[in-house]
Amino acid sequence: MADEIKRRLVHISGTGMPAFYLLDIFSWQDLQWFLLIGSSVAAILEVIRLSFGLDWWIYDKLTREYEQDNPAGYALYMFSLTIVVLLLEPDIAIPAMLMLTLGDPISGVLGSDELRAIKRPRVLATMFGICLLVALPFLTLSASLLAAAAATVADGVKPRVLGFVIDDNLSIPLAAGLVGWFGVTYLPAVA
């Protein structure tokens, strides 16, 4: 359980990235570059780890058993944040990022890291509530509801594609960002 708490704290620490932008420490372009560099470093480390057996103690502490032969969650986390920051406007990308950095670790603790096909209803409800709260300052109500629902499904349902479980570190920001963009672009603003 101690390693799980450490993983969740690392997850939450990623909130600093959008916070740097929101506090005017980074410009949007600075944040894009920061994440692009971070993703590049993660990709290089993952290639070395998976191809040549890089075996640092931190990987033992912060990765799960199923990540030993697959890209680790931290890399997927960086890649998904980078994609939303590069492709979406700040008001859509920031809540998508926060849904991963805040919603997912809280949902994970509540779900006791159970490997279930679908998380329990109270965990899904909590994830939805957190995601809605982080979206509302940035998006319309309709877009916030849709983005929160997309992030909740991405977090709470574990689909398999070609035998691989789709990792929510990758899917939460991408689903929330895409659906949030759709809601802002095509749905009427509801007060």
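Note: the structure precedes this text.
A brief structural summary. Remember, it's a predicted structure, so these values are computed and weren't measured experimentally.

## Focus on a nonpolar patch on the surface
A cluster of nonpolar side chains, Trp33, Leu36, Ile37, Val41, Ile83, Leu86 and Leu87, forms an exposed patch at the surface whose accessible area comes to about 670 Å². Ranked by the residues each element gives to the nonpolar patch, the list is headed by helix H3 (residues 28-52), at 4 residues. By secondary structure assignment, the location of Trp33 is in helix H3.

## Thoughts on the side chain of Thr152
The topology assignment puts Thr152 in helix H8 (residues 141-156). A distance of 3.3 Å separates a polar atom in the side chain of Thr152 from the backbone nitrogen of Phe128. Within polar-contact distance, the side chain of Thr152 engages the backbone oxygen of Ala148 at 2.7 Å. In contact with Thr152, other than residues within four places in its own chain, are Leu124, Met127, Phe128 and Val157.

## Digging into helix H7 (residues 121-135)
Between its first and last C-alpha, H7 extends 21 Å over 15 residues, near the 21 Å set by a 1.5 Å rise per residue. Those residues of H7 that sit buried are Val123, Met127, Ile130, Cys131, Leu132, Val134 and Ala135. In the core, the buried residues of H7 are packed alongside helix H6 (90-110), H8 and helix H9 (168-186).

What counts as what
Residues numbered from 1 in each chain as written. Predicted model: local features only at pLDDT ≥ 70, side-chain atom pairs only at ≥ 80, totals over all residues. Heavy atoms only, no water. Patch = residues over 30% accessible without salt bridge, like charges linked within 9 Å, V, L, I, M, F, W, Y side chains within 5 Å. Areas by Shrake-Rupley, 256 points an atom, 1.4 Å probe, with all protein chains shown as cover. Salt bridge = Lys/Arg side-chain N within 4 Å of Asp/Glu carboxyl O. Helix = DSSP H or I, 4+ residues; strand = E, 2+ residues; numbered from the N terminus. Polar contact = N/O pair within 3.5 Å; in protein donor to acceptor, adjacent residues only side chain to side chain. Contact = heavy atoms within 4.5 Å. Expected span 1.5 Å × (residues − 1). Buried < 20%, exposed > 50% of the residue type's maximum accessible area, 1.4 Å probe, protein only.

These results come straight from atomic positions and should not be treated as a statement about function.
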